[in-house]
Amino acid sequence: MFDDPGDEAAMVRLEDVHLKLASAGGEVNILRGIDLSVRAGETVSVVGPSGSGKSTMMMVIAGLERPTAGRVTIAGRALGALGEDDLALFRRDAIGIVFQAFHLIPTMTALENVAVPLEFAGRRDAFARAAAELKAVGLGHRLDHYPGQLSGGEQQRTALARAFAVEPRLLLADEPTGNLDGETGGHIIDLMFALQARRGTTLLLITHDPALAARCGRTVKLVDGRILDESDADFAVTRAAGADD
Ligand SMILES: Nc1ncnc2c1ncn2[C@@H]1O[C@H](COP(=O)(O)OP(=O)(O)O)[C@@H](O)[C@H]1O
Ligand SMILES: [Mg+2]
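Asker: For this particular structure, what's the right way to read the environment of R218?
Answerer: Within the secondary structure, R218 is located in strand 9 (residues 218-223). With 58 residues separating them along the chain, R218 and L160 place their C-alpha atoms 22 Å apart. A distance of 2.7 Å separates the side chain of R218 from the side chain of E42, its partner in a polar contact.

So this is what it looks like as structure tokens:
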């Protein structure tokens, strides 16, 4: 799995990553030279103002968006060297993603939502496995419910079960509690950290919540498409100031 035995511990490595997109008003520099290294098993929160490029950086790490320049290496794989099909397979096997909007398929039950990616991954025990994952997030009694019949918290628990079911090495979470009330969000986060710890999953978590960011081993701050150095005097100040938006 690792292409570079000298750097096995790096789960995520971004080197001078740039992303420019064309927009109506001309070219926009969304990521402007990102360097980031995350060790296997590490938990890292990503904070920064709205529009600073956090979600875009996560899309690049997930291989859902190709950078304009720079290198992205996940679990030793240089994503730039992978064609679309190989990239999709790599993503399916190595990366779990949880979004603010739960992104469940509305015409499928909770069980089917979790089982389908397992089936795609060739797991013969997809449905048994999916049921076990849903039980692990406390939804053993909701297997046959459709997303529309589940509360927001239950939907996000289903999304967590789906993300963890394939045992990804890397979990990317983009404001996973953004659509939930504080108490429900707190339960989701506790669950996410419990699953992460049990499986040693590397976690990258985008959040506006300073208390939540502080639960991760390390915090990186994005401002205007760049990572603000942790040693930067502004870092502590801006972080202490809390959510920027
Ligand atoms: N597809 C796109 N085309 C043009 N601009 C985009 C696109 N996606 C995001 N942006 C812009 O890139 C910047 C960063 O967006 P985003 O990564 O979503 O920030 P964040 O997650 O930190 O709020 C924003 O200014 C946003 O408007
Ligand atoms: Mg975002």
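Once the structure has been displayed, the description carries forward.
Asker: Whenever I open this one, unusual backbone geometry confuses me. Can you help?
Answerer: Among all residues save glycine, negative phi is the norm, and among peptide bonds the norm is trans. Unusually for a residue other than glycine, D16 sits at a positive phi of about 45°. Structurally, D16 is set in strand 1 (residues 10-23). Residues other than glycine seldom take positive phi values, yet E167 does so here, at roughly 55°.

Asker: Explanation requested: the site of ligand 1 in the structure shown.
Answerer: By nearness alone, every residue bordering ligand 1 is listed as L21, I30, P49, S50, G51, S52, G53, K54, S55 and T56. With respect to ligand 1, the backbone of G51 contributes an N or O atom lying 2.7 Å from an oxygen atom. A distance of 2.5 Å separates an oxygen atom of ligand 1 from a polar side-chain atom of T56. Alone, ligand 1 offers 570 Å² of accessible surface; in the complex the protein occludes 58% of this. The biggest single contributor to the shell around ligand 1 is helix 1 (residues 54-61), with three residues. Taken together, the residues of the shell around ligand 1 sort by class into three nonpolar, six polar and one charged.

Asker: Help me understand the packing of helix 3 (residues 110-120) against helix 5 (residues 152-165), please; the structure alone is not making it clear to me.
Answerer: When two helices pack together, their arrangement is captured by the angle between the axes and the distance separating the axes. Two numbers describe how helix 3 lies on helix 5: the axes approach to 9 Å, and their chain directions differ by 20°. Compared by their axis directions, helix 3 and helix 5 come out roughly parallel. Seen along the crossing, helix 3 lies across helix 5 with a hand that is right-handed. Between helix 3 and helix 5, the contacting residues are A110, N113, V114, P117 and L118 on the first element and T158, A161, R162 and A165 on the second. Classifying every residue of the contact of helix 3 with helix 5 gives six nonpolar, two polar and one charged.

About the cut-offs
Along each chain, the written sequence defines residue order, and numbers are assigned to residues from 1. Note on labels: chains are lettered from A, ligands numbered from 1, in written order. Note on the predicted model: pLDDT of at least 70 is required for a residue's local features to be given, and 80 or more for side-chain atom pairs to be given and counted; whole-chain, interface and lining totals, by contrast, use all residues. Derived side-chain values reflect all non-hydrogen atoms in the structure, with water molecules and hydrogen atoms excluded from consideration. Think of it this way: any DSSP run of H or I at least four residues long counts as a helix, any run of E at least two long counts as a strand, and we number them from the N terminus. Any N or O atom pair separated by 3.5 Å or less is treated as a polar contact, with the protein-specific requirement of one donor-capable and one acceptor-capable atom, and with residues adjacent in sequence counted only for side-chain atom pairs. When we say a residue is near a molecule or strand, we mean one of its heavy atoms is within 4 Å of it. Here, Shrake-Rupley sampling with a 1.4 Å probe gives the accessible areas, and only protein chains in the shown set may cover a residue. Residues are grouped as follows: Ala, Val, Leu, Ile, Met, Phe, Trp, Tyr, Cys and Pro are nonpolar; Asp, Glu, Lys and Arg are charged; every other residue, Gly included, is polar. Axis lines are fitted through C-alpha atoms, for helices just across the contact stretch, and the angle between N-to-C directions can take any value from 0 to 180 degrees. To sort the angles, those under 35 degrees are grouped as roughly parallel, those over 145 as roughly antiparallel, those from 65 to 115 as roughly perpendicular, and the leftovers as oblique. Handedness of a helix crossing follows the sense of rotation of the near helix relative to the far helix, less than a right angle counterclockwise being left-handed and clockwise being right-handed. Note on contacts: a residue pair is in contact if any heavy atoms of the two residues lie within 4.5 Å.

In short, shape yes, function no, at least from these values alone.
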